[in-house]
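Here is how the chains run, residue by residue.
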Amino acid sequence: FSWTCLFYTTHFYHTLLNKPEMQYEMETSSSNLSAVLTREQGLQYYRTMQTMRRMELKADQLYKQKIIRGFCHLYDGQEACAMGIEAGINPTDHLITAYRAHGYTFTRGVSVREIMAELTGRRGGVAKGKGGSMHMYAKHFYGGNGIVGAQVPLGAGVALACQYQGNNQVCVALYGDGAANQGQIFESFNMAALWKLPCIFICENNKFGMGTSVERSSASTDYFKRGDYIPGIKVDGMDVLCVREAIKFAADYCRAGKGPIVMELETYRYHGHSMSDPGVSYRSREEIQEVRSKSDPITMLKERMLSNNMASVEEIKEIDVDIRKVIEDAAQFAISDPEPPLDELCNHIFANDLPMEVRGTNPWVKLKSVS
């Protein structure tokens, strides 16, 4: 089963969507304009995206019950971005993102139990209850970063390390449309272009930076063109296969030593910016519902699989039931697991180091740190 993936670019071949006669000006063959999905891949993508969706809805519920506290930025609506990126790179490649990090923590291999327990600040969390929603990490995954745009230069640094080590790996550095006007992003573009770093800079354009629409915050909303001297690609971020094929193309480009690439994933978040934002004061409920009904990434994948006889309604329902059980089990663990004790407050400041004393709230309070 295959369907056409439409994404358009600057520098490479302009806009495929409006100029089909230019399709053969791609640097790769025209066969890349369609994507093949096997039954196994489709079921895996569906399960992963549906797990992300249910996990975020459960986090929403626990936050409203005041079991999750503090910052919490939910990812529902954007699942095709995380799944498509993961499907287009290798597990040994590197990824760094902003504070809307739950979905990527899951696709990078962390269990739902560890993510939920981190959200509730428990010892069984992926960061042992000390990181919370914005600070989750895994192998080849560097967070979860709370400072707007700060992860982009860090991602360029990871790409520099890949180049220096000669390991043929790439780094995906993600940021939102709200961070797209940060100066440090353009500084990172400049260094990455000068040094031809294997870095894929991705703007997840979910249309709103906090409560401000892209039209009100950016003089140019063509975020894929912001790299100027770096090639750019604009992709339908609600279609998992479009994202996957674009990422494959970008990763091959970087691995070939051609330098960085900029990508814009046009997507949409269903929740507000964070749990303190109702999300309907600057947009209507009707707008959100229209996106849900016309371009929901999970529904689109499910309907295409059903219409092409790649899965049955019963199989999909069975997956949904399994996912609900996983989410409920994780939620119970996140509620019942103990909180980290106070004497572990300063642990894990350094890796692979001897126990050391750390200054507390004043010079006379000493705490012990263990790696």
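On a predicted model such as this, the values are computed, not experimentally measured, just so you know.

Rules behind the numbers
Residues numbered from 1 in each chain as written. Predicted model: local features only at pLDDT ≥ 70, side-chain atom pairs only at ≥ 80, totals over all residues. Heavy atoms only, no water. Salt bridge = Lys/Arg side-chain N within 4 Å of Asp/Glu carboxyl O. Helix = DSSP H or I, 4+ residues; strand = E, 2+ residues; numbered from the N terminus. Buried < 20%, exposed > 50% of the residue type's maximum accessible area, 1.4 Å probe, protein only. Axes fitted to C-alpha atoms, helices over the stretch in contact; angles between N-to-C directions. Parallel < 35°, antiparallel > 145°, perpendicular 65-115°, else oblique. Left-handed = near helix turned anticlockwise from the far one by under 90°. Contact = heavy atoms within 4.5 Å. Nonpolar A, V, L, I, M, F, W, Y, C, P; charged D, E, K, R; others polar. UniProt positions renumbered as here; feature names shortened; annotations may be inferred. Core = buried A, V, L, I, M, F, W, Y, C linked by side-chain atoms within 4.5 Å.

Caption draft 1: Quick peek at the pattern of salt bridges. What the rule picks out here adds up to 15 salt bridges. The residue Arg 113 makes a salt bridge to Asp 329 at a minimum N-O spacing of 3.1 Å. You can see Arg 113 sitting in helix 4 (residues 112-119) and its partner Asp 329 sitting in helix 11 (residues 313-336), a full 216 residues away along the chain. Accessibility expressed as a relative area gives 34% for Arg 113, which makes it partly exposed. Classification of Asp 329 by relative accessible area gives partly exposed; the value is 39%.

Caption draft 2: The packing of helix 1 (residues 39-64) against helix 2 (residues 79-88), seen in detail. Two numbers describe how helix 1 lies on helix 2: the axes approach to 9 Å, and their chain directions differ by 140°. Between helix 1 and helix 2, the angle falls in the class oblique. In terms of crossing hand, the pair formed by helix 1 and helix 2 is right-handed. Every residue of helix 2 that contacts helix 1 at Gln 44, Tyr 45, Thr 48, Met 49, Met 52 and Arg 53 is listed here: Glu 79, Ala 80, Ala 82, Met 83 and Ala 87. Split by residue class, the contact of helix 1 with helix 2 holds seven nonpolar, two polar and two charged.

Caption draft 3: Molecular detail of the UniProt feature "domain: Dehydrogenase E1 component" (unreviewed entry) in the protein chain. Sequence positions flagged by UniProt for "domain: Dehydrogenase E1 component" (unreviewed entry) are, in local numbering, residues 47-341. The span residues 47-341 shows a helical share of 46% and a strand share of 11%, and its end C-alpha atoms are spaced 35 Å apart.

Caption draft 4: Structural context of the side chain of Gln 50. By the secondary structure assignment, Gln 50 is in helix 1. Take Gln 50: its relative accessible area is 9%, and that puts it in the buried class.

Caption draft 5: Local environment of the packing of helix 1 against helix 11. One way to put it is that helix 1 packs onto helix 11 with a least axis distance of 9 Å and a crossing angle of 40°. In terms of axis orientation, helix 1 runs oblique to helix 11. Both helix 1 and helix 11 take part in a crossing whose hand is right-handed. Touching Arg 39, Leu 43, Tyr 46, Arg 47, Gln 50, Thr 51, Arg 54, Met 55, Lys 58 and Leu 62 of helix 1 are Glu 315, Ile 316, Ile 319, Asp 320, Asp 322, Ile 323, Arg 324, Ile 327, Glu 328, Ala 331 and Ile 335, all from helix 11.

Caption draft 6: Focus on the nonpolar core. Counting residues in each nonpolar core, the largest one holds 66 residues, and the members touching the most others are Ile 85, Tyr 104, Ile 200, Ile 202 and Met 263. Tallying contributions element by element places helix 8 (residues 240-255) first for this core, with eleven residues. Once residues lying within four places of it in the same chain are set aside, the contact partners of Ile 200 are Val 170, Cys 171, Val 172, Ala 173, Ile 247, Ala 250, Ala 251, Cys 254, Ile 261 and Met 263. In terms of nonpolar packing, the next biggest core, distinct from the first, is built from 21 residues, Ile 96, Val 152, Cys 199 and Ile 230 among them.

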